[in-house]
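Below, each chain spelled out in residue letters.
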Amino acid sequence: MSSASGSEQKSVSDMEETRTRLCDEFVSITGTDNDVAQSYLAKSEWQMERALNSFFEADMEKVFEVEDSPERETGPKAKRKKSEKNAPGGCIDLTEDSPTCSNKQAETKRKPSEEDDPKLSVISWNVDGLDTDNMAERARGLCSYLVLYTPDVVLLQELIPPYIQYLKKRAVSYTVIEGGEDGYFTGMMLKKSRVKLLESEIVTYPTTQMMRNLLVAKVSFKGQELCLMTSHFESCKGHGEERMKQLRLVMQRMKEAPDNINVLFGGDTNLRDTEVAKVGLPSGVCDIWERLGKQEHCRYTWDTKANTNKRVPYISRCRFDRVYLRPATREGVLHLAPDHMALVGLEKLDCGRYTSDHWGIYCSFSAE
């Protein structure tokens, strides 16, 4: 009897330890407290992904209910609906009262003949969907940058289900690809008039502890097949070994791609330079920031000195977000070459915050 009793006590102790660990992980990801974590995990039978998905959907639905509520539509900003109704086909549906730029500014930035432009333009951005404060305005801010820069490809990280649904509703001129359904995940947006989706896949990271993966899409641009990749590598300083495993997997995929295909990766890598040095980049793969001369104003994409969204009591300046290119080498096909890079999202919105706690990266590539 005493043996059975001891076994039961050990089982209960193991269960309590597992649940405590799950609560700690939930709190770390969502920024809530232990009571909220216990509530969502218990309702989800202690399944982390289900609990996270339930939490983010509930929180974001409240946020976007305000965005689309009748009270808002009949208020002073009801002109937004009118501008959407009158928006020309094939354009991004956005509010007239965009928090970042006016329509006139967007027209100034817009290329005179986008369909004929030989260059490929890309934005890579961790949009911090885990932060639900001022989410509706920050999501509109992202859409405003899409109007301002009209990128052909948008690589996004830290999306949550309601955020991606908002983008699908607003950015009607883009094909949206999701890198997951539960919790938080990555995504891609492809301008329909310029980039055609051929196929996509999600590659799992076998040992991730944070639901991270690699989203891959084969697309056609100006009649040439491209391979696009995005990912959100493992976060936090203590997870460097897992990050390096993920980098090795990405580099292997880039290296093994056929020589008639340009391969482009952009994402929130959370990498430190020492980690990249340990892994090394394969021959033919370049870091866009380095290739374009290591311009100082484009170095830090995570900069708590300049970006106050997180309001942390320390200064941290890191180049977490990176773009890698492996150009095609076969003769007779288009070869991509980087020609410009800039950070985006540097302007505060009307709410006093930025679109994300990360700066986005805008790149353009010539096709030779």
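Structure first, text after, so check above.
Only a predicted model underlies this, so the values are computations on that prediction, with no experimental measurement involved.

1. Considering the layout of surface pockets
Phase 1: Put simply, the largest pocket is a space of about 1100 Å³.
Phase 2: Lining the largest pocket are 40 residues, with Ser 28, Ile 29, Leu 130, Ser 235 and Cys 236 positioned closest to its centre.
Phase 3: Mapped by element, the contributors of at least two residues to the lining of the largest pocket are helix 1 (2-30) and helix 3 (48-67).
Phase 4: Here the lining of the largest pocket takes five residues from helix 1, the largest share from any one element.
Phase 5: Among the residues making up the lining of the largest pocket, the classes are represented as 14 nonpolar, 13 polar and 13 charged.

2. Some points on empty space enclosed by the protein
Phase 1: If you walk through the whole model with that rule in mind, you get three cavities of 30 Å³ or more.
Phase 2: For the largest cavity, the calculated volume is near 60 Å³.
Phase 3: Partitioned by chemical class, the residues of the lining of the largest cavity number four nonpolar, three polar and two charged.
Phase 4: As a volume, the second largest cavity reaches approximately 40 Å³.
Phase 5: What lines the second largest cavity is Asp 287, Ile 288, Trp 289, Arg 319, Asp 321, Arg 322, Val 323, Met 341 and Ile 361.
Phase 6: At the level of secondary structure, the elements contributing two or more residues to the lining of the second largest cavity comprise helix 11 (288-291) and strand 12 (321-326).
Phase 7: A per-element tally of the lining of the second largest cavity places strand 12 first, with three residues.
Phase 8: Of the residues that constitute the lining of the second largest cavity, the class distribution is five nonpolar, no polar and four charged.

3. A closer look at the sheet that holds strand 9 (residues 286-287)
Phase 1: In spatial order, the strands read 5-6-7-8-12-9; together these six strands make up an open sheet with mixed pairing. Where the open sheet ends on each side, the last strands, each with one partner, are strand 5 (195-204) and strand 9.
Phase 2: The strands that helix 9 (residues 240-256) touches are strand 5, strand 6 (213-221), strand 7 (224-231), strand 8 (262-268) and strand 12; relative to strand 12, the one it contacts most, it runs at about 25 degrees.

4. What to know about the pattern of salt bridges
Phase 1: Overall, the coordinates contain 18 salt bridges when judged by the stated rule.
Phase 2: Two residues, Glu 178 and Lys 168, come together in a salt bridge whose shortest N-O distance is 2.4 Å. Within this pair, whereas Glu 178 is found in strand 3 (residues 174-178), its partner Lys 168 is found in helix 8 (residues 161-170), the two being separated by 10 residues in sequence.
Phase 3: Here Glu 178 falls in the partly exposed class, since its relative accessible area comes to 27%.

5. Concerning the environment of Ala 306
Phase 1: Here Ala 306 is to be found in the loop between strand 10 (302-303) and strand 11 (317-318).
Phase 2: For Ala 306, a relative accessible area of 35% corresponds to the partly exposed category.
Phase 3: Between the alpha carbons of Ala 306 and Ser 316 there is a distance of 9.8 Å; along the sequence they are 10 residues apart.
Phase 4: Once you skip the residues sitting within four places of it in the chain, Ala 306 turns out to touch Tyr 354 and Trp 359.

6. Things to note about the sheet that holds strand 1 (residues 120-126)
Phase 1: Pairing within the open sheet is mixed, and its six strands lie in the order 3-4-2-1-14-13. Whereas interior strands pair on both sides, the edge strands pair on one side only; in this sheet they are strand 3 and strand 13 (336-344). With direction set aside, neighbouring strand axes in the sheet form an average angle of 20 degrees.
Phase 2: Relative to strand 4 (residues 185-191), strand 3 runs antiparallel, the two sharing five bridges.

7. Observations regarding unusual backbone geometry
If a residue is not glycine, its phi is most likely negative; likewise, a peptide bond is most likely trans.
Phase 1: The phi angle at Thr 150 is positive, at roughly 40 degrees, despite the residue not being glycine.
Phase 2: Within the secondary structure, Thr 150 sits in the loop between helix 7 (135-149) and strand 2 (153-159).
Phase 3: The phi angle at Lys 294 is positive, at roughly 50 degrees, despite the residue not being glycine.
Phase 4: Note on placement: Lys 294 falls in the loop between helix 11 and strand 10.

Here is what the cut-offs are and how they apply
- Residues numbered from 1 in each chain as written.
- Predicted model: local features only at pLDDT ≥ 70, side-chain atom pairs only at ≥ 80, totals over all residues.
- Heavy atoms only, no water.
- 1 Å grid on protein atoms, 1.4 Å probe; cavity = no way out; pocket = protein on both sides within 12 Å on 5 of 7 lines; lining within 4 Å.
- Points joined across faces, edges and corners; volume = space filled by probe spheres on them.
- Helix = DSSP H or I, 4+ residues; strand = E, 2+ residues; numbered from the N terminus.
- Nonpolar A, V, L, I, M, F, W, Y, C, P; charged D, E, K, R; others polar.
- Pairing = 2+ DSSP bridges.
- Contact = heavy atoms within 4.5 Å.
- Axes fitted to C-alpha atoms, helices over the stretch in contact; angles between N-to-C directions.
- Salt bridge = Lys/Arg side-chain N within 4 Å of Asp/Glu carboxyl O.
- Buried < 20%, exposed > 50% of the residue type's maximum accessible area, 1.4 Å probe, protein only.

Everything listed here is a matter of geometry and, on its own, says nothing about what the molecule does.
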